[in-house]
Amino acid sequence: MTSLLVIIVLVLLAVALWQLTKIFDLTQVGTYSDNSQIANDDDNNVQGYLMFGFLAFLYIFTIYGLFKWGPLVLHTPASAHGGQVDNLMNITWVLIFTVQAITQALLYYFSFKYRGTKDLKALYFADNNRLEALWSVIPAVVLAGLILYGLYAWTNIMFIDDEEDTVVIELYAQQFNWTARYAGNDNVLGKANVRLIEGVNTLGVDLADPYSQDDVVVKELHIPKGKKIHFKMRSQDVLHSAYMPYFRAQMNCVPGMVTEFAYTPIYTTEEYRELPYMVEKVANINAIRAKKSIDLVAKGETALDPYSFDFLLLCNKICGASHYNMQMKVIVDTPEDYRKWLKEKATLVQEVKTAKTPVAPVDGAKGVDSTKGKDTAAAVVKIAMK
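Residues numbered from 1 in each chain as written. Predicted model: local features only at pLDDT ≥ 70, side-chain atom pairs only at ≥ 80, totals over all residues. Heavy atoms only, no water.

(A) Structural view of the overall build of the protein chain. Across its full length, the protein chain carries nine helices and ten strands. At a minimum sequence separation of 6, the contacts of the protein chain that also span at least 24 residues come to 71%. Just so you have it, the protein chain exposes about 26700 Å², and 64% of that area is on carbon and sulfur atoms. (Helix = DSSP H or I, 4+ residues; strand = E, 2+ residues; numbered from the N terminus. Contact = heavy atoms within 4.5 Å. Areas by Shrake-Rupley, 256 points an atom, 1.4 Å probe, with all protein chains shown as cover.)

This is how it looks when you write it as C-alpha cells:
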C-alpha cells in the first residue's frame, strides 16, 4: 500500500511540473526568444567557464582523494621483492598524475581560449610535423622505459634457480578453500591426480610415489622468515588466483596445469604486527569495532571481537558465490619455530593409514555385538517377568 501511495505522489508531481512548464511558456508570449538551436557568444562563454569549473572540481577531488584514501593503500612489503613492485607502481603513479594534470589543464585552457565567437574563423592546416613528432616520440620513450623496467623486475621476481635452496609448498585451490602441501624432507612433491581423490586424500596425491611418503597436508600455511618459498599451485575446479597482498605475490591457479611463484619473507608475523604503521592501523580498527560494539550490545547482540593482524592468502578471481570467503591464514615463523611446527605434523600417508585402521570394539558399548551383554540383558528380562 505504501509503494502505491509513493507511485501516485510521484505521478502527481510529474503532472504538476508539466503544468508549471506550460504556464511559464504562456508568460513568455510576446517576448523575443532565440529558438534557432545555434550556440551564440553567451552560450560559448558559459560553456567555457563551466569547463574551468569542472577542471577545478577535478583537481580538488583528486587532491582530496589522495589525503582521504591515500593511507589505505598497502604499506611496507613483507617480501624481499616487494620493494621492486612498489617502486614500479610508484613510478607509474607519478607519471600518470603528471600527464593527467598537464593534459587536462591544456585541454580546458584551449577549449576556453578558442571558444566560438561570432567573427572568429577556425584556422585549418593539414599537418604539423613538429607536433606529430613531439606527441609520438615522448610517449614512446616513456612507455619503453616502463616496459623495460617492468621486464627487469618481472625476471628478477619470477626467476627460480633449480640449484637454489628453497622450501617447496603446493597451494591447492578449490571452491571455496585453500589447502597447502609441504614437500617434506626430500623437498620434492609427490605426484597427484584428481582421479585419486578419496577420503582424507583430498588433493589426489599418489601414495605409491616414493616422493609422497613425507608430504604433509595442512589447512594453515606456515613459512619460515628469510627462506625462499617456492609455491606450486593447482586448482581442482575453476580458475582461482592465489593472492598474498602484503608479500606482493599473485598467480593464477589453473585447472589441469601447475603454475609457480616464489618469494622470500623478510618479517615474521609478530615482527610485522609491531611495525608502527600496523600498530596504528590495528588501533584504529579496534576503536571502530569498540564503537560499533556499543550499539550492538545495546540491541542485545554480541559485541565484535578485537581485530588482530594476520597475513592472508586470498582468491583474487571471482570463482563463485562464496569467493569473498576463500582465504587461508599465512603465518611467518622464525626458522626454528617453523621446523618445530612442521615436525609435529603427521604426513599424509600416516593420516590415510589412521583413517583406514578399524577402531577396536569395546565390550558392552552401544552398538557392539557382545554375547556377554546379551546374556546379561536376557537375565534382567527373566527377573523382571518373575
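(B) Structural view of a nonpolar patch on the surface. On the surface, Ile63, Leu66, Phe67, Met89, Trp93, Ile96 and Phe97 cluster together into a nonpolar patch covering about 750 Å² of accessible area. Tallying contributions element by element places helix α3 (residues 82–113) first for the nonpolar patch, with four residues. Tracing the backbone shows phenylalanine 97 in helix α3. With relative accessibility at 32%, the residue phenylalanine 97 sits in the partly exposed group. (Patch = residues over 30% accessible without salt bridge, like charges linked within 9 Å, V, L, I, M, F, W, Y side chains within 5 Å. Salt bridge = Lys/Arg side-chain N within 4 Å of Asp/Glu carboxyl O. Buried < 20%, exposed > 50% of the residue type's maximum accessible area, 1.4 Å probe, protein only.)

(C) Main features of the confidence of the model for the protein chain. Summing up the model confidence of the protein chain, the mean pLDDT is 85 and the portion of residues at 70 or higher is 90%. Of all secondary-structure elements in the protein chain, the lowest mean pLDDT belongs to helix α9 (residues 371–385), at 38, while helix α5 (residues 269–273) reaches the highest, 95. Confidence drops under pLDDT 50 across residues 365–386; counting only partners more than four residues distant or on other chains, this segment forms four contacts. (pLDDT = per-residue confidence, 0-100.)

(D) The arrangement of the sheet that holds strand β6 (residues 240–244) in detail. Pairing is mixed in the open sheet, where five strands are placed in the order β4-β10-β9-β6-β7. In this open sheet, the two strands that pair with only one neighbour each are β4 (221–224) and β7 (249–253). Mean inter-strand twist for the sheet, computed between neighbouring axes without regard to direction, equals 25°. The sheet contact formed by strand β9 (residues 311–315) and strand β10 (residues 327–333) spans four bridges and is antiparallel. The residue bridging leucine 313 from the neighbouring strand is methionine 328, located in β10. Relative to β4, helix α7 (residues 335–343) is tilted by about 140°, and along the sheet it contacts β4 and β10. (Pairing = 2+ DSSP bridges. Axes fitted to C-alpha atoms, helices over the stretch in contact; angles between N-to-C directions.)

(E) Structural detail: the side chain of serine 235. One can find serine 235 in strand β5 (residues 228–235). At a separation of 2.5 Å, a polar atom in the side chain of serine 235 contacts the main-chain carbonyl oxygen of valine 238. The contacts of serine 235, once residues within four sequence positions are left out, are Ala173, His240, Cys253, Val254, Pro255 and Gly256. (Polar contact = N/O pair within 3.5 Å; in protein donor to acceptor, adjacent residues only side chain to side chain.)

(F) Focus on a negative patch on the surface. Among the surface-exposed residues, Asp41, Asp42, Asp43 and Asp119 lie close enough to one another that they form a single negatively charged patch. Residue class for aspartate 41 comes out partly exposed when judged on its relative accessible area of 32%. (Lys, Arg positive; Asp, Glu negative; His and termini not counted. Charge placed at Lys NZ, Arg CZ, Asp CG, Glu CD.)

(G) Broad picture of helix α6 (residues 276–298). An ideal rise of 1.5 Å per residue puts 33 Å on 23 residues; α6 measures up with 33 Å between its terminal C-alpha atoms. Listing the buried residues of α6 in full gives Tyr277, Met278, Val282, Ser293 and Leu296. Packed against the buried residues of α6 are α5. After α6 finishes, the residue glycine 300 shows a positive phi value of roughly 85°. (Expected span 1.5 Å × (residues − 1).)

(H) Spatial organisation of the packing of aromatic side chains. Tallied over the full model, the rule gives 25 aromatic pairs. An angle of 25° between the planes, with centres 6.0 Å apart, marks the rings of phenylalanine 57 and phenylalanine 61 as stacked. You can see phenylalanine 57 and its partner phenylalanine 61 sitting in helix α2 (residues 41–69), four residues apart, about one turn around the helix. Its relative accessible area of 46% is what places phenylalanine 61 among the partly exposed residues. (Phe/Tyr/Trp six-rings, centres within 6.5 Å; stacked < 30°, edge-to-face > 60°.)

(I) The nonpolar core, seen in detail. Ranked by internal contacts, the top residues of the largest apolar core, which has 41 residues, are Leu171, Leu221, Ile223, Phe231 and Phe247. Top element by residues in this core is strand β1 (residues 166–174). It accounts for four residues. Setting aside anything within four residues of it in sequence, one finds phenylalanine 247 in contact with Ala78, Ser79, His81, Ile223, Tyr263, Pro265, Phe311, Val330 and Val332. Core analysis: the second largest hydrophobic core is formed by six residues, Tyr172, Val205, Val217 and Leu348 among them. (Core = buried A, V, L, I, M, F, W, Y, C linked by side-chain atoms within 4.5 Å.)

(J) Expanded view of the sheet that holds strand β3 (residues 216–218). Strand order in this open sheet of five strands is β3-β2-β1-β5-β8, and the pairing throughout is mixed. In the strand order of this sheet, the two ends are held by β3 and β8 (259–263), each with one partner. The sheet shows a mean angle of 25° between the axes of neighbouring strands, taken without regard to direction. Here three bridges tie strand β2 (residues 177–182) to β3, and the two strands are oriented antiparallel to one another. From the neighbouring strand, arginine 181 faces β3, where its bridge partner is valine 217.

(K) Spatial organisation of unusual backbone geometry. The omega torsion of the bond from glutamine 175 to phenylalanine 176 falls at -5°, within 30 degrees of zero and hence cis. Note that phenylalanine 176 resides in the loop between β1 and β2. We note that arginine 248 has phi near 55°; this positive angle belongs to a residue other than glycine. Considering the arrangement of structural elements, one finds arginine 248 in the loop between β6 and β7.

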